[in-house]
Each structure stands twice: as C-alpha cells, then as structure tokens.
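Architecture at a glance
One letter stands for each residue in the lines below.
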Amino acid sequence: MSHTANPDAERRIDNIEFNVADIARSKRFYAEVFGWRFTDYGPAYTEFNDGRLKGGFAADAPVRAPGGALVIVYCADLADAEHRVVAAGGEVLQPAFAFPGGRRFHFRDLDGYELAVWSDVG
C-alpha cells in the first residue's frame, strides 16, 4: 500500500484486500473488466489501482470469498487506533506487524467482521 500523509484519509476506508488463489488470473480479470492498473510487490502480493481507491490481491492466505474482502482503514497513530478498538469492545486478532509500506493490525468488530488498520507513520 502506498500512502501520503493526508489528514483527509484519517479514519476512512483506505484500502480493500482480496485473498486470491492466483494473482495473475485476478489481474487479467480486473484489467479486462474494469481497466485496473497494478503494482507487484513480490510473488504473493499486487496492489491494484482503480483510479480512485487502491487495494490488493494477496496469495499468501486462504481465499475468504464468503467473508468478503478485507477492509483496511488508515490511521496515522496505529497504537491509538488499537487502543480505541479494544476500548470499544473489539478484539485484536493480529497485533501490529510490518509490511512493505507501513504497519497494520487486524481486529474483529462486535459482529464478528475482520477489518485492519494501517499506518505509514513509524
């Protein structure tokens, strides 16, 4: 994910990630259907750009089609966001970890949906 510090992005959906079985196949499909552009970050991840929103195709985890895409929210202060998730009753599923472009954590909301929060700051 690439991002520039932007206060308008704070606490908004910033990225959607699909776990896919075959990145090349998914790239072909979305390029043909919607004209999306792609940036590869190794064999297991590619970023897509639909002209407004960026997202990714990941091939390093099981396909979660019934659960849908992973919605990712941007927050400059990752620790504060994690604290707010827990204080509101959410459950951290995966503590903050580094990835190319920043850090993120995954959480479960009160209805059981998994989301992630990411930051490109420290």
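So, a few notes on the structure that sits alongside this text. Note that this is a predicted model, so its numbers are computed, not measured. (Residues numbered from 1 in each chain as written. Predicted model: local features only at pLDDT ≥ 70, side-chain atom pairs only at ≥ 80, totals over all residues. Heavy atoms only, no water.)

We now examine the sheet that holds strand 7 (residues 102-108). The strand order across the open sheet formed by eight strands is 2-3-4-1-5-8-7-6, and the pairing between neighbours is mixed. Of all the strands in the sheet, just strand 2 (37-40) and strand 6 (91-99) have a single pairing partner and so form its edges. Strand after strand, the sheet turns through a mean of 25° between neighbouring axes, direction not considered. Each of strand 6, strand 7 and strand 8 (114-119) touches helix 2 (residues 78-87); the most contacted strand, strand 7, lies at about 5° to it. (Pairing = 2+ DSSP bridges. Helix = DSSP H or I, 4+ residues; strand = E, 2+ residues; numbered from the N terminus. Axes fitted to C-alpha atoms, helices over the stretch in contact; angles between N-to-C directions. Contact = heavy atoms within 4.5 Å.)

Our next topic: the environment of C75. The residue C75 is located in the loop between strand 5 (70-74) and helix 2 in this model. C-alpha of C75 to C-alpha of R37: the two residues are 38 residues apart in sequence and 25 Å apart in space.

Ranked by size, the top nonpolar core spans nine residues in total: V73, C75, L78, A81, V85, F105, F107, L115 and V117. Counting residues per element, the ones that place at least two in this core are helix 2, strand 7 and strand 8. Ranked by the residues each element gives to this core, the list is headed by helix 2, at three residues. Excluding its chain neighbours within four sequence positions, the residues that come into contact with V85 are G90, E91, F105 and F107. By size, the runner-up hydrophobic cluster in this structure holds seven residues, among which are L70, I72, Y74 and W118. (Core = buried A, V, L, I, M, F, W, Y, C linked by side-chain atoms within 4.5 Å. Buried < 20%, exposed > 50% of the residue type's maximum accessible area, 1.4 Å probe, protein only.)

A word on the layout of surface pockets. Sizing a probe to match a water molecule and rolling it over the atoms shows the empty space that remains. If you add up the space inside the largest pocket, you get close to 360 Å³. Lining the largest pocket we find 17 residues, and of these E17, Y45, A58, D60 and R104 sit closest to its centre. For the lining of the largest pocket, the secondary-structure elements that each account for two or more residues are strand 1 (12-19), strand 6 and strand 7. Per element, the largest residue contribution to the lining of the largest pocket is three residues, and it comes from strand 6. Here the lining of the largest pocket is built from residues that sort into ten nonpolar, three polar and four charged. (1 Å grid on protein atoms, 1.4 Å probe; cavity = no way out; pocket = protein on both sides within 12 Å on 5 of 7 lines; lining within 4 Å. Points joined across faces, edges and corners; volume = space filled by probe spheres on them. Nonpolar A, V, L, I, M, F, W, Y, C, P; charged D, E, K, R; others polar.)

A word on the pairing of strand 7. By the criterion of burial, strand 7 is predominantly enclosed, with five of the seven residues buried. The pairing of strand 6 with strand 7 spans six bridges and is antiparallel. In the strand pairing of strand 7, E91 is matched with R108. Remark: two residues form the turn of the hairpin made by strand 6 and strand 7, two consecutive strands paired antiparallel; G101 in that turn has positive phi of roughly 115°. Sheet topology note: the strand 7/strand 8 ladder contains six bridges and is antiparallel. The residue of strand 8 that forms the bridge with R108 is E114. Between the end of strand 7 and the start of strand 8, which pair antiparallel, lie five residues, with G112 showing a positive phi angle near 95°.

The next point concerns the pattern of salt bridges. Applying the stated criterion to the full structure yields six salt bridges. Across the salt bridge formed by R11 and D80, the nearest N and O atoms sit 4.0 Å from each other. Linking R11 in the segment before strand 1 with D80 in helix 2, this pair joins segments that are 69 residues apart in sequence. For R11, a relative accessible area of 51% corresponds to the exposed category. (Salt bridge = Lys/Arg side-chain N within 4 Å of Asp/Glu carboxyl O.)

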